[in-house]
There are 2 protein chains.
Amino acid sequence: MKNYEGMWKELGLDVELHKAILADLDKKFEAYVLSQKNRPGKMGYFDDVILGAHGARVAEIIDHKKRGGKFIGTFCIYVPEEIVLALDVIPVALCGGTALSIPYAERTFPRNICPLLKSTLGLSFSKTCAFAPIKDMAVGETTCDAKKKTWDFLSKKVNFHVMEVPQKKRDKDLELWRDEVVQFKERLEGLTGNKLDGEKLSEAVRLMNRKRSALARLHAFRKEALPPISGLDFLVVMQGALIDDTRRFWANLEDLNAELEDRVRKGHGVAGDRAKRLVVSGCPSVLGNWKLHHLLESSGAIVICDESCTGTRYFEHMVEEVQGGVDGQLLAIADRYMKIDCSCFSPNEERITNIVKLARDYKADGVVQYILQYCHTYNIEAIAVASALKKGGLPSLKIETDYSEEDAGQLRLRIEAFLESLEKHVKP
Amino acid sequence: MKNYEGMWKELGLDVELHKAILADLDKKFEAYVLSQKNRPGKMGYFDDVILGAHGARVAEIIDHKKRGGKFIGTFCIYVPEEIVLALDVIPVALCGGTALSIPYAERTFPRNICPLLKSTLGLSFSKTCAFAPIKDMAVGETTCDAKKKTWDFLSKKVNFHVMEVPQKKRDKDLELWRDEVVQFKERLEGLTGNKLDGEKLSEAVRLMNRKRSALARLHAFRKEALPPISGLDFLVVMQGALIDDTRRFWANLEDLNAELEDRVRKGHGVAGDRAKRLVVSGCPSVLGNWKLHHLLESSGAIVICDESCTGTRYFEHMVEEVQGGVDGQLLAIADRYMKIDCSCFSPNEERITNIVKLARDYKADGVVQYILQYCHTYNIEAIAVASALKKGGLPSLKIETDYSEEDAGQLRLRIEAFLESLEKHVKP
């Protein structure tokens, strides 16, 4: 792979620490992902997306900026990518998935906030995020207490925009959110100096819908009795979806889907038909974090459904394609994003119903609720989820963990015990 | 004191456990509060409010209900008491301040949520909250992740109303909040079967403003070089404010204020003039929780300002008295509550500016930031608060703790070291 050390130096990164973090990431990726047997050949592209995130992708964005384009960092799938893309702005999710940067966050921030946020902050504070120095703006939202208050802190230091995601889902909340989407558009127009063009917006809507459809198709292959792709590989694709060029990603995903269709036709699965089928539900696993999926699948299970922001939440629900002007299309965009069933909403019954439905549709043997440590909303909602699953005859296991490897042994014991208990489970 | 065992039994409480919790509360109250020297004589009334919370107050509410009145439980000072009182409904804050009930919450809820919420839930789950069985409704709000998601859980079990507190403070947020206040009124009208009366609302507004003015006056006495009341006693009054009958509380507070005025005239302080003057800023200390104030004052300091929901946040800002109808008065009520500078808002600069101002106005030697464990919003906002204080030449100490006594020794060491460091501090 190309050497990007010069670029990183020019960006003012701590090159040695950055190399150490990348080396750790590469090592984990090799041990957990590349070492899997029976991988689809077309995964090669997505492997490169992950391994090239801090190199090739950054270089590409620098080129884009040289041509006059802008680049924003995001932290949540509520940021409407259609608007971003239509204004020739590149969005990249800057969420951190490495434990190595966390100590740098903990020098300033509380220890007892979620590892994803600490990892993200740590990458920035330790000058090991190659995206940070080139971003024209960062976009946060009010989906959780810890992120919301972090934006207050960061807003004083960098160009920042915060979108208010309301806490309920009534008409007046939707109205507030629609206005947030319009304000976001205006902020981006200010950043780029360009007015949002109706044609370009329609094109971006179509492109994002295609990307979502392709991801939904990928996810649906996992319903098969012999899933043609592992949960880890699905996760790798999702992690790529949050950082890669949208059109190129989509085209490559179509290729992967074609390969998987062929596998399905031939009855070629990645795991035996005795592998326990698990839904992973809850918090996202962003780039660098393959911990839970690795533990589950190396214990003999197969993850066949991801109900998370690095899963269904990202691609469920299409944006309605609206004719005749920017305003109507913006409303349709706002309405689509408001359907995301994040645990930040009160109440959030749709999500609970949806998890039970997914578990049934995907013929799951059990559900693993994945809670990033100190994430209050998913952690408390887990009580209702477990209860609904139990009522539906579906066993579940809650795993609350951070990015460290210290609890891996203990988690493996719990996972093995859970998988064993599923033997006795009679499917509903 | 009267024996209420029969009443508790009738309410279906776990009488033995309830007695154990009350005995622990009484013991702490005696050791921390009653044992103080130089207490104002008029504190007797407020002592009785605390010690009678689960007995006399409950009996009084039962009588009120027998006469056709309603009773609601609250968990936050955003619930507009004016509307509640005007509809002849009694509001009582059901926030728990005891560690003894926490294990009962942890059987269902995550351990790593704040002790106040766990204590509250634990009292209810263990059948040791005498208010729970008699409440006609509970009113929650969306001020933090853990509470918000807890309301989802409780709403399925009891009559519950959730008010959406927005996350920002722009015009459209105020609009949303104003509508929440109107909806709350409608919900209470439904509960009582009565229409909100303009006269009664005006009367309730005047009464609440009087209560706030009296509390503000009480708080202002602490500006004196020789404060006539301890921080612990101030806290006892505030804890009473959240549960006692409004009119009676106000009348007795006027008496206390008269006594304190007399003390000030005579130069009669509760601590020597060498006691370090501290602001306590951050999370509330509700009934049963005297831990921090006791530690600070028994280490030789005096708390001269409370910037919290059991402090200034409760009584700052009056409701504008509006003539001519319920609608306009409701708007004015909504606007007053929206001025509360809870850390749930993003951004929340007013609070940070206010803390520095309070510390100066009250001639503080230092500020103690009090963070209930796992409270993300105050914990992260503490970074900006500490930084603003430092810039203003004001030393600060952050204490993050729960309700247990296990860390008391360690905290005392840190507090003593902090107080010692203040010796060297030159006042600005």
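All values reported here derive from a predicted model rather than from experimental measurement.

**Q** Kindly report on the overall build of chain A, identifying the contributing residues and their values.
**A** Counting secondary structure elements, chain A contains 18 helices and eight strands. Relative to the 2.2 N^0.38 estimate, which gives 22 Å for 428 residues, the radius of gyration of chain A is 21 Å and therefore close to what a compact globule would have. Each principal axis of the C-alpha distribution contributes one length, and for chain A these read about 60 × 50 × 45 Å. Within the span of chain A, comprising 428 residues, buried residues form 64% of the whole. Within chain A, counting contacts between residues at least 6 apart in sequence, those at least 24 apart form 76% of the total.

**Q** Break down the interface of chain B and chain A for me, citing the residues and quoting the values.
**A** Each partner contributes to the interface: chain B provides 45 residues, whereas chain A provides 45 residues. When chain B packs against chain A, the two sides together hide about 3900 Å² of surface, and 52% of this comes from carbon and sulfur. Counting the surface chain B buries against chain A, the share from its top three residues, Lys149(B), Gln167(B) and His376(B), is 18%. Along the contact surface separating chain B from chain A lie twelve salt bridges. With a closest N to O distance of 2.4 Å, Lys172(A) and Glu180(B) form a salt bridge.

**Q** How would you explain the relation of the copies chain B and chain A if you had to name every residue and give the values?
**A** The transform that puts chain B on chain A rotates by 180° and translates by 0.0 Å along the axis, for an RMSD of 0.0 Å. In symmetry terms, the pair is related by a two-fold rotation axis. Residue Asp145(B), judged by its C-alpha, is the member of chain B lying nearest the rotation axis, at 3.1 Å. Mapped onto chain A, 100% of the interface residues of chain B are again interface residues, and the two copies thus contact each other with one and the same surface.

**Q** Provide a residue-level description of the pattern of salt bridges, including the pertinent values.
**A** Evaluation of the coordinates by the stated rule reveals 80 salt bridges over all chains. Note that Glu349(A) is salt-bridged to Lys156(B), the shortest N-O span being 3.0 Å. Of this pair, Glu349(A) sits in helix α16 (residues 349-361) while Lys156(B) sits in the loop between α8 (145-155) and β4 (160-163), each in a different chain. Residue Glu349(A) is classed as partly exposed on the basis of its relative accessible area of 36%. You can call Lys156(B) exposed: its relative accessible area is 52%.

**Q** Give me the packing of aromatic side chains: which residues, what numbers.
**A** All names here are of chain B. Scanning all chains against the criterion turns up 27 aromatic pairs over all chains. A centroid spacing of 5.5 Å and a plane angle of 80° characterise the contact between Phe46 and Phe249, whose relative ring orientation is edge-to-face. Here Phe46 is found in helix α3 (residues 43-51), whereas its partner Phe249 is found in helix α12 (residues 246-266), with 203 residues between them in sequence. For the residue pair Phe46 and Phe249, the accessibility class agrees, reading buried in each case. Against the face of Phe153 rests Lys157, its NZ or CZ located 4.8 Å from the ring centre. One cation-aromatic arrangement involves Arg210 over Trp250; the distance from NZ or CZ to the ring centre is 5.3 Å.

Procedures and definitions
Positions within a chain are numbered from 1, following the residues in the order the chain's sequence is written. Naming scheme: in the order in which they are written, chains are lettered from A and ligands are numbered from 1. Local features in a predicted model are, by the rule used here, given only for residues with pLDDT of at least 70; side-chain atom pairs are given and counted only at 80 or more, and totals for whole chains, interfaces and linings are based on all residues. Calculated side-chain values reflect all of the structure's heavy atoms, with hydrogen atoms and water omitted. Secondary structure follows DSSP: runs of H or I at least 4 residues long count as helices, runs of E at least 2 residues long count as strands, and numbering of each begins at the N terminus. Taken over C-alpha atoms, the radius of gyration is set against a globule rule of 2.2 Å times the number of residues to the power 0.38. Buried means the residue's accessible area, taken with a 1.4 Å probe over protein chains only, is under 20% of the maximum for its type, while exposed means over 50%, and partly exposed covers the values in between. The contact rule is simple, with two residues in contact once any of their heavy atoms fall within 4.5 Å. Note: buried area is the sum, over both parts, of the accessible area (probe 1.4 Å) each one loses when the two are combined. Salt bridges are counted wherever a side-chain nitrogen of Lys or Arg sits within 4 Å of a carboxyl oxygen of Asp or Glu. A least-squares fit on C-alpha atoms brings the copies together, and the residues used are those whose pLDDT is at least 70 in both copies. Geometry of aromatic contacts follows a simple scheme: Phe, Tyr and Trp rings, the Trp one being its six-membered ring, pair when their centres are within 6.5 Å, and the pair is stacked under 30 degrees between planes, edge-to-face over 60, tilted otherwise. In this scheme, the term charge over a ring applies when either NZ of a lysine or CZ of an arginine sits within 6 Å of the ring centre and within 35 degrees of the ring normal.

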